[in-house]
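Understanding the architecture of this molecule
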Amino acid sequence: MTTTYDFPSDLLAGQQELHQVRAELSALLKRLPWSVEPLDAFSDDNGWRKVERPASPGWSADEQAEVEKLRQRERELAVFVSTHRYWSELGGPDRVTARSQLKHAHETPPEDSEETGRDS
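What you see is a predicted model, and the numbers here were worked out from it, not measured in a lab. (Residues numbered from 1 in each chain as written. Predicted model: local features only at pLDDT ≥ 70, side-chain atom pairs only at ≥ 80, totals over all residues. Heavy atoms only, no water.)

Enumeration over the complete set of coordinates arrives at seven salt bridges. Residue Arg 22 is joined to Glu 74 by a salt bridge in which the shortest nitrogen-to-oxygen separation is 2.9 Å. With a gap of 52 residues between them, Arg 22 in helix 1 (residues 9-31) and Glu 74 in helix 2 (residues 61-82) connect regions that are remote in the sequence. The partner of Glu 76 in a salt bridge is Arg 73, with the nearest N and O atoms 3.0 Å apart. Taken together, the residues Glu 76 and Arg 73, both in helix 2 and three residues apart, mark about one turn of the helix. According to the relative accessible area criterion, Arg 73 is partly exposed, its value standing at 31%. (Salt bridge = Lys/Arg side-chain N within 4 Å of Asp/Glu carboxyl O. Helix = DSSP H or I, 4+ residues; strand = E, 2+ residues; numbered from the N terminus. Buried < 20%, exposed > 50% of the residue type's maximum accessible area, 1.4 Å probe, protein only.)

As structure tokens, this is what we get:
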């Protein structure tokens, strides 16, 4: 049987916001050019695999500021979640298990086939 933990609401909110900020940052980085600074296209086939990149116009000042803002918020939230006073109440393996559960607390649990009357 899996132990469930009664996480404080501020810890749950911090973890949820951390997930959101990381998703926003990831989506933004995927949309931006591959290089922060403007660079010419290049091709290199001297390594163990060929690497090619198109020319990059670089990031605008606004794009750089947005990335930095999200990275700063991500750091703040990661520190908040990882150093929350709740963790001092748990020891050893319980702390590890609880941390893992917190990371997935926002996910809806899969429906149990016995409770719904459906077969797997």
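All right, on to a nonpolar patch on the surface then. Side chains of Trp 34, Leu 39 and Phe 42 sit close together on the surface and give an oily, nonpolar patch of about 260 Å² of accessible area. Along the chain, Trp 34 falls in the loop between helix 1 and strand 1 (42-44). (Patch = residues over 30% accessible without salt bridge, like charges linked within 9 Å, V, L, I, M, F, W, Y side chains within 5 Å. Areas by Shrake-Rupley, 256 points an atom, 1.4 Å probe, with all protein chains shown as cover.)

With that settled, consider helix 1. An ideal rise of 1.5 Å per residue puts 33 Å on 23 residues; helix 1 measures up with 33 Å between its terminal C-alpha atoms. Along helix 1, the residues classified as buried are Leu 11, Gly 14, Gln 15, Leu 18, Val 21, Leu 25 and Leu 28. Packed against the buried residues of helix 1 are helix 2 and helix 3 (92-103). (Expected span 1.5 Å × (residues − 1). Contact = heavy atoms within 4.5 Å.)

Let us now look at the packing of helix 1 against helix 3. One can describe the packing of helix 1 onto helix 3 by two numbers: an axis separation of 10 Å at closest approach and a directional angle of 55 degrees. The angle between helix 1 and helix 3 places the two elements in the oblique class. Where helix 1 approaches helix 3, its residues Leu 11, Leu 12, Gln 15 and His 19 are matched on the opposing element by Arg 99, Leu 102 and Lys 103. Along the lines of polarity and charge, the residues of the contact of helix 1 with helix 3 split into three nonpolar, two polar and two charged. (Axes fitted to C-alpha atoms, helices over the stretch in contact; angles between N-to-C directions. Parallel < 35°, antiparallel > 145°, perpendicular 65-115°, else oblique. Nonpolar A, V, L, I, M, F, W, Y, C, P; charged D, E, K, R; others polar.)

A word on the confidence of the model for the chain. Per-residue confidence for the chain averages 89 on the pLDDT scale, and 88% of its residues sit at or above 70. The spread of mean pLDDT over the elements of the chain runs between helix 4 (residues 113-116), the lowest at 44, and helix 2, the highest at 98. A low-confidence stretch, residues 112-120 stays under pLDDT 50, and its non-local contacts, those more than four residues away or across chains, total five contacts. (pLDDT = per-residue confidence, 0-100.)

This part covers the packing of aromatic side chains. Throughout the structure, instances matching the rule amount to five aromatic pairs. The interplanar angle of 65 degrees and the centroid separation of 5.5 Å between the aromatic rings of Phe 7 and Tyr 86 together place this pair among those described as edge-to-face. Within this pair, whereas Phe 7 is found in the segment before helix 1, its partner Tyr 86 is found in the loop between helix 2 and helix 3, the two being separated by 79 residues in sequence. A connected cluster of aromatic rings, assembled from ring pairs, spans Tyr 5, Phe 7, Tyr 86 and Trp 87. (Phe/Tyr/Trp six-rings, centres within 6.5 Å; stacked < 30°, edge-to-face > 60°.)

Packing of helix 1 against helix 2 brings their axes to within 9 Å, and their N-to-C directions diverge by 150 degrees. In terms of orientation, helix 1 lies roughly antiparallel with respect to helix 2. Our pair here, helix 1 against helix 2, has a crossing hand that is left-handed. Within the contact between the two elements, helix 1 uses Asp 10, Leu 11, Gly 14, Gln 15, Glu 17, Leu 18, Val 21, Arg 22, Glu 24, Leu 25, Leu 28 and Leu 29 and helix 2 uses Glu 66, Val 67, Leu 70, Arg 71, Arg 73, Glu 74, Leu 77, Ala 78, Phe 80 and Val 81. (Left-handed = near helix turned anticlockwise from the far one by under 90°.)

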